[in-house]
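Topology and contacts: notes
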There are 2 protein chains.
Amino acid sequence: MRTPARWITTLSIGALVALSHAASAETADEILRRSPANAWSQIDPGQMLIMTLADKQRIVIQLAPDFAPRHIDNIRKLALAHWWDSGAIERSQDNYVVQWRGPVMHPPLPEGVSASPPAEYERAFGIQPFLPLPYPDAYASKTGYIRSWPVGTDGEKVWLTHCYGMIGVARDMPPDTGDGTELYAVNGQAPRQLDRNIALVGRVIAGMDALSALPRGKAPLGFYKSDTHMPAIESVRLASELPPAEQPRFQVMRTASDSFKNYIRARANRSETFFVRPAAGLDVCNAPIPIREEPARHL
Amino acid sequence: MRTPARWITTLSIGALVALSHAASAETADEILRRSPANAWSQIDPGQMLIMTLADKQRIVIQLAPDFAPRHIDNIRKLALAHWWDSGAIERSQDNYVVQWRGPVMHPPLPEGVSASPPAEYERAFGIQPFLPLPYPDAYASKTGYIRSWPVGTDGEKVWLTHCYGMIGVARDMPPDTGDGTELYAVNGQAPRQLDRNIALVGRVIAGMDALSALPRGKAPLGFYKSDTHMPAIESVRLASELPPAEQPRFQVMRTASDSFKNYIRARANRSETFFVRPAAGLDVCNAPIPIREEPARHL
């Protein structure tokens, strides 16, 4: 039995869907501008890292505990121990990755940090809902989005994809999986060959240009030739460690929302005047997940 | 009737093919190292631009006259007229493009430069041989390589793909196609939605990091907020304009060679120890075309 309140809600959603069908030429920007508040989800400050470089540039990272919980448990503990303070960006390889670490002279791993977590390269296909992309992909039998993250799947397993700005755990050779002390961010064409070969743990949600515009390292693999070339890290903090008024507040679009479905459709079929021939296609790494920053609470 | 000489040649090729099958675990690096001289083709200095920035960083560009001859005729004439000298990089948008132009106060277009060349966004599928990639793509019914260039095709037309480092002709709204005075280079995830919407004219073959590491512009679309922020261009020259001893000498791998086929196979099925699960897939924009510089003649 419908209550009036539910009836109103249903009508609103129906009207929204009708509107989005009628306005098939809506651009991605328009869809974002008109998206309702409930299309957005607050990012948990306990799953956000703030990296501040010595030059005061700030990089904000969202972690992905649904996909690599043990690695992220390590990373959160390392952040709480201030592991990366006085660390450095040691590598900037063009069209590949930027990579950072703590100080060379570092203490033992903090209590509870696993030196070799399990290989969280994929997980059972069970975090619903999944929004599949209707376009083929060279690497996965299907791609799409789960809980705001870009993924590939073979129907049984699901894994995060190495899109621009995604963050992974650097490691040596197998069966090593990396302890989380060295992380990298993708700074070019999605190196999808790394999917399921490494633990992806999150993404840069603000300040990516502070990493992507770094001078490339001149040693092999883009490592800097000496410590003096390495951009220094002042600190890395969990956002939840900061006083509430100083915590950054970010929202990510729910990939299960109608707004996101319309956004994806608009990105695949660009209706802006500039386009003479819309692609009618979309790569999972070629549609940045909408993320927006709210004003700080004390402003 | 086989002459002894032809028989020897045939045997050599047969031996090479047998070798490459036996060594299926050869890495891309090994394939490049062992590639025979005839797997490489000299890049014509008449189709190379050298852009020197005010800070003396050098960017070398290879033009693609097979794909956009009229635009490239414009660009060559503009270079010969020194159009971009004292110009500027006006835009650096993260994960999209870097864009440059000549001086704001510029002379009329040089003699013979078309103000609105035809829309060379695709061409008849006729420049053989075509090496198809056996993996699906979100944007084209097939992708692959023609004469050292990454392409998409629908079987009738063929077009260059917007891979990292590819260079296109900035334009305004249709039916404008851009006169070639403003060019851009892709500095992030391949913006394949631009394929067939814009004239691609070449690629950066050296010095891409001088463009990709530029600070991002803070105005909309990554434009710099004022001229004082714009990296200045000292000069842009056709390599063939330089004295022979100063011309850079580059070679590109023939995409019709056995070495390139093996290289692509190795990139799609990585056999390096690091990989626990080779992708068995490859995006057309995720295998940089091998290019190498020869020592300058006067060294």
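Scroll up to find the structure this text is about.
Rules and cut-offs
Residues numbered from 1 in each chain as written. Chains lettered and ligands numbered in written order. Predicted model: local features only at pLDDT ≥ 70, side-chain atom pairs only at ≥ 80, totals over all residues. Heavy atoms only, no water. Disulfide = S-S within 2.5 Å. Helix = DSSP H or I, 4+ residues; strand = E, 2+ residues; numbered from the N terminus. Buried < 20%, exposed > 50% of the residue type's maximum accessible area, 1.4 Å probe, protein only. Pairing = 2+ DSSP bridges. Axes fitted to C-alpha atoms, helices over the stretch in contact; angles between N-to-C directions. Phe/Tyr/Trp six-rings, centres within 6.5 Å; stacked < 30°, edge-to-face > 60°. Least-squares fit on C-alpha atoms with pLDDT ≥ 70 in both. Contact = heavy atoms within 4.5 Å. Buried area = accessible area lost by both parts, 1.4 Å probe. Salt bridge = Lys/Arg side-chain N within 4 Å of Asp/Glu carboxyl O. Polar contact = N/O pair within 3.5 Å; in protein donor to acceptor, adjacent residues only side chain to side chain. Nonpolar A, V, L, I, M, F, W, Y, C, P; charged D, E, K, R; others polar.

For the rest of this paragraph, the subject is the state of the cysteines. All names here are of chain A. This model, assessed by the stated rule, comprises two disulfides over all chains. One disulfide bridge connects C163 with C285, the sulfur atoms lying 2.1 Å from each other. Torsion about the S-S bond of the C163 and C285 cystine: about -75°, corresponding to left-handed handedness. Separated by 122 residues along the polypeptide, C163 in the loop between strand 10 (157-160) and strand 11 (166-169) and C285 in the loop between helix 5 (258-268) and strand 16 (291-294) bring together distant segments of the chain.

Below, the discussion takes up the pairing of strand 4 (residues 88-92) of chain A. Of all the five residues making up strand 4 of chain A, five are buried; the element is thus mostly covered by neighbouring parts of the structure. Hairpin connection from strand 4 of chain A to strand 5 (residues 97-101) of chain A: four residues lie between these consecutive antiparallel strands, with A:N95 at a positive phi of about 60°.

What follows deals with the sheet that holds strand 4 of chain A. Residue and element names in this part refer to chain A. With antiparallel pairing, eight strands are arranged side by side in an open sheet as 4-5-12-11-13-3-2-14. Lying at the two open borders of the sheet, with one neighbouring strand each, are strand 4 and strand 14 (233-238). Neighbour-to-neighbour, the strand axes of this sheet turn through a mean angle of 25°, independent of strand direction. Bridge analysis of strand 3 (residues 58-63) against strand 13 (residues 200-206) gives four bridges, and the strand direction is antiparallel.

Take the packing of aromatic side chains next. How two aromatic rings sit relative to each other is set out by the distance from centre to centre and by the angle between their planes. By the definition in use, this model includes eight aromatic pairs over all chains. For the pair A:F125 and A:F130, a centre-to-centre distance of 5.3 Å together with 85° between the ring planes defines the contact as edge-to-face. Seen in terms of ring centroids, B:Y145 and B:F260 are 5.0 Å apart; in terms of plane orientation they differ by 80°. Their pairing is edge-to-face. Of this pair, B:Y145 sits in strand 8 (residues 142-146) while B:F260 sits in helix 5 (residues 258-268), and the two are 115 residues apart along the sequence. Residue B:Y145 is classed as buried on the basis of its relative accessible area of 0%. Within the aromatic cluster, the residues linked to one another by ring pairs are A:Y145, A:F260 and A:Y263.

This brings us to the relation of the copies chain A and chain B. Superposition record for chain A on chain B: RMSD 0.0 Å, screw rotation 180°, translation along axis 0.0 Å. Interpreted geometrically, this transformation is the action of a two-fold axis.

The next point concerns the interface of chain A and chain B. Every contact between the two is made by 45 residues of chain A and, on the other side, 45 residues of chain B. For the pair chain A and chain B, the two sides together bury roughly 4000 Å², of which 52% comes from carbon and sulfur. When the area that chain A buries against chain B is broken down by residue, the three leading residues are A:Q189, A:F274 and A:R277, summing to 18%. For the pair chain A and chain B, the interface holds four salt bridges. The shortest N-O distance in the salt bridge between A:R277 and B:E122 comes to 3.2 Å. Summed over the shared surface of chain A and chain B, the result is 27 residue pairs in polar contact (both at pLDDT 80 or more). Class assignment for the residues of the side of chain A that touches chain B results in 23 nonpolar, nine polar and 13 charged.

Close approach of charged atoms allows side chains of opposite charge to pair. This structure, assessed with the given rule, holds 33 salt bridges over all chains. Note that A:R101 is salt-bridged to A:E90, the shortest N-O span being 3.2 Å. With A:R101 in strand 5 and A:E90 in strand 4, the pair connects residues that are eleven residues apart, well separated along the chain. Given a relative accessible area of 7%, A:E90 falls into the buried group. The closest approach of N and O atoms between B:E293 and B:R58, which form a salt bridge, is 3.3 Å. With B:E293 in strand 16 (residues 291-294) and B:R58 in strand 3 (residues 58-63), this residue pair connects regions lying 235 residues apart in the sequence.

Among the secondary structure elements, A:N197 is positioned in the loop between strand 12 (183-186) and strand 13. Take A:N197: its relative accessible area is 0%, and that puts it in the buried class. At 3.1 Å, the side chain of A:N197 and the backbone oxygen of A:Q193 are in polar contact. Setting aside its immediate chain neighbours within four residues, A:N197 contacts A:Y121, A:R171, B:F274, B:F275, B:V276 and B:R277.

What follows covers the pairing of strand 2 (residues 48-53) of chain B. All names here are of chain B. Counting buried positions along strand 2 gives six out of six residues, so the element sits mostly inside the fold. Side-chain alternation along strand 2 places M48, I50 and T52 on one buried face and L49, M51 and L53 on a second face that is also buried. In this structure, strand 2 lies alongside strand 3, joined through five bridges in antiparallel fashion. Within the sheet, the bridge partner assigned to T52 lies in strand 3 and is R58. In textbook terms, the turn of a hairpin is the stretch between consecutive antiparallel strands, and for strand 2 and strand 3 this stretch comprises four residues, one of which, K56, has a positive phi near 75°. Here five bridges tie strand 2 to strand 14 (residues 233-238), and the two strands are oriented antiparallel to one another. Its bridge partner lying in strand 14, L53 is registered against I233.

All names here are of chain A. Tracing the chain through its elements places T228 in the loop between helix 4 (208-212) and strand 14. Taking the C-alpha atoms as reference points, T228 and Y135, separated by 93 residues in sequence, lie 46 Å from one another. Within the local environment of T228, its side chain forms a polar contact with the side chain of S226, the two groups lying 2.7 Å apart.

The quantities given are spatial measurements derived from coordinates; they are silent on function.
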